[in-house]
Amino acid sequence: MPSQEEIFTKVSATLVEALNVDEEEIKPTSTLQGDLGAESIDFLDIVFRLEREFAIKIPRGELFPESIFQGDPEFVQDGRVTDKGLAELRARMPFADLSNFEKNPEVSAISDLFTVDMITRYIQGKLGQPSPN
Amino acid sequence: MRWIWIDRFLEFHKGKSAKAVKNLSLAEDFFADHFPGYPIMPGSLILEGLAQTGGILAGEVNDFREKVVLAKIPWARFQREALAGEQLIYDAELLHIRPESAAVHGRATSNGELIVETEILFAHLDQSRSQQLFGAENFVFTGELKRVLGLVKLLAGQTDGTNT
């Protein structure tokens, strides 16, 4: 299995292609939307390139969940994610680092969870799993 | 103007590749302005033709149950201009198809010479969502485009290499 650094390097190369950014701009902590300028359409592109680069299958909505909080009105109150909502986030995105977000869980900050590091951890988890075939 | 930028499919290999032809007649409206005395096809319209070729290739995989919309052109490299009187061949190869998206690699050539090479990303939208976002009209598969594909099926017995 490749090291975390090797995975990061490949993830960076993928983002260079998908987002047309310079490799130097990409740090583990970079947020995809805020720092690297990704738009929602770009997520489709990133997923497909990651599948190709790492020869893995990424089920729809697994890496970039769609509308996490639409299922239950108790997930969000007054623009903030509730404890129940946080539990849902943890369950849906175990590879995301919620430590900062939990301190001030404003819904508007949720896009900051989508970092380069998050993708790297997700891929690491994927490669660590036994192949479905 | 009818928004149809391919004349006919030459080959159609389900879920793999498609080849279409586009003849550039000087009578095309856009040549009047692009440019007077120097009629070259706008690059964006060549890409549209490739997107129609690739979009039908992608949509046909699921029997056109989902709307396929052009989402993004990650890159396109133009090699030379395409002049009135030329015949463009659009080759689209399906790179991937997922429930929510598809990507094709496209090449437009004229007389064997490369005009442009590109990658095109499509998003799949289910029927209700696409109508919300774009209205009923605004997507790749008008009835007319599907009829273009019908034509290749009609000719399947007559054209070598055609596989529907």
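Residues numbered from 1 in each chain as written. Chains lettered and ligands numbered in written order. Predicted model: local features only at pLDDT ≥ 70, side-chain atom pairs only at ≥ 80, totals over all residues.

### What about the overall build of chain B?
Here is step 1: Along the backbone of chain B there are 3 helices and 6 strands.
Here is step 2: Counting from the amino terminus, helix and strand elements in chain B follow one another as β-β-α-β-β-β-β-α-α.
Here is step 3: Out of the 164 residues in chain B, the part that is buried amounts to 32%.
Here is step 4: Restricting to contacts in chain B with at least 6 residues of sequence separation, those with at least 24 account for 68%. (Helix = DSSP H or I, 4+ residues; strand = E, 2+ residues; numbered from the N terminus. Buried ≥ 20, exposed ≤ 12 C-beta atoms within 10 Å, placed from the backbone. Contact = placed C-beta atoms within 7 Å.)

### Overview of the interface of chain B and chain A
Here is step 1: With 11 residues of chain B at the interface, the matching set in chain A holds 9 residues.
Here is step 2: Listing elements by their share of the side of chain B that touches chain A, those giving two or more residues are strand S3 (67–78), strand S5 (101–110) and strand S6 (113–125) of chain B.
Here is step 3: Top contributing element to the side of chain B that touches chain A by residue count: S3 of chain B, with 3 residues.
Here is step 4: Taken together, the residues that form the side of chain B that touches chain A break down as 6 nonpolar, 2 polar and 3 charged. (Nonpolar A, V, L, I, M, F, W, Y, C, P; charged D, E, K, R; others polar.)

### A short note on the pairing of strand S2 (residues 17–23) of chain B
Residue and element names in this part refer to chain B.
Here is step 1: By the bridge criterion, 5 bridges tie strand S1 (residues 8–13) to S2 in an arrangement that is antiparallel. Looking at S2, one finds that His13 is bridged to Ser17.
Here is step 2: Here S2 runs beside strand S4 (residues 87–97); their pairing, made up of 7 bridges, is antiparallel. Residue Ala20 lies in a different strand from S4, and its bridge partner there is Tyr90. (Pairing = 2+ DSSP bridges.)

### Looking at the sheet that holds S6 of chain B
Residue and element names in this part refer to chain B.
Here is step 1: The strand order across the open sheet formed by 6 strands is S1-S2-S4-S5-S6-S3, and the pairing between neighbours is antiparallel. In this open sheet, the two edge strands, each paired with only one partner strand, are S1 and S3. Sheet twist, expressed as the mean angle between neighbouring strand axes with direction ignored, is 20°.
Here is step 2: Two strands pair when backbone bridges link them, and S4 and S5 are joined in this way by 9 bridges, in the antiparallel orientation. If you follow Glu93 over to S5, its bridge partner there is His105.
Here is step 3: Docked against the sheet, helix H1 (residues 43–61) engages S2, S3, S4, S5 and S6, running at close to 45° with respect to S4. (Axes fitted to C-alpha atoms, helices over the stretch in contact; angles between N-to-C directions.)

### Describing helix H2 (residues 40–54) of chain A
Here is step 1: The end-to-end C-alpha distance of H2 of chain A is 22 Å, a good match for the 21 Å that 15 residues give at a rise of 1.5 Å each.
Here is step 2: Among all positions in H2 of chain A, only Asp42, Leu44, Asp45, Ile46, Val47, Phe48, Arg49 and Leu50 of chain A are buried.
Here is step 3: Where H2 of chain A is buried, its residues touch helix H1 (4–19) and helix H5 (116–128) of chain A together with S3, S4, S5 and S6 of chain B.
Here is step 4: With its phi angle positive at about 50°, Ala55 of chain A sits one or two positions after the end of H2 of chain A. (Expected span 1.5 Å × (residues − 1).)

### A closer look at the domain arrangement of chain A
How big an interface is tends to be reported as the loss of accessible area on association of its parts.
All names here are of chain A.
Here is step 1: For chain A, the assigned domains are domain 1 (1–64 + 114–133) and domain 2 (66–112).
Here is step 2: A C-alpha centroid distance of 21 Å is found between domain 1 and domain 2.
Here is step 3: Taken together, the contacts link 10 residues of domain 1 with 6 residues of domain 2.
Here is step 4: A per-class count over the side of domain 1 that touches domain 2 returns 3 nonpolar, 5 polar and 2 charged. (Domains from an automatic or database assignment.)

### A closer look at the nonpolar core
Here is step 1: Among the nonpolar cores identified, the biggest contains 60 residues, and Ile46, Leu50 and Phe122 of chain B are the most heavily contacted of them.
Here is step 2: Lining this core are residues from two domains, each supplying at least three of them: domain 1 (1–64 + 114–133) and domain 2 (66–112) of chain A.
Here is step 3: Apart from residues lying up to four places away in sequence, Leu50 of chain B is in contact with Tyr90, Ala92, Gly106, Ala108, Thr118 and Ile120 of chain B. (Core = buried A, V, L, I, M, F, W, Y, C linked by C-beta atoms within 7 Å.)

### Description of the confidence of the model for chain B
Residue and element names in this part refer to chain B.
Here is step 1: When pLDDT is averaged along chain B, the result is 87, and 82% of the positions lie at 70 or above.
Here is step 2: In the model, residues 159–164 has pLDDT below 50 throughout and makes 14 contacts with residues more than four positions away in sequence or in other chains.
Here is step 3: In the predicted assembly, ipTM is 0.82 and pTM is 0.85. (pLDDT = per-residue confidence, 0-100.)

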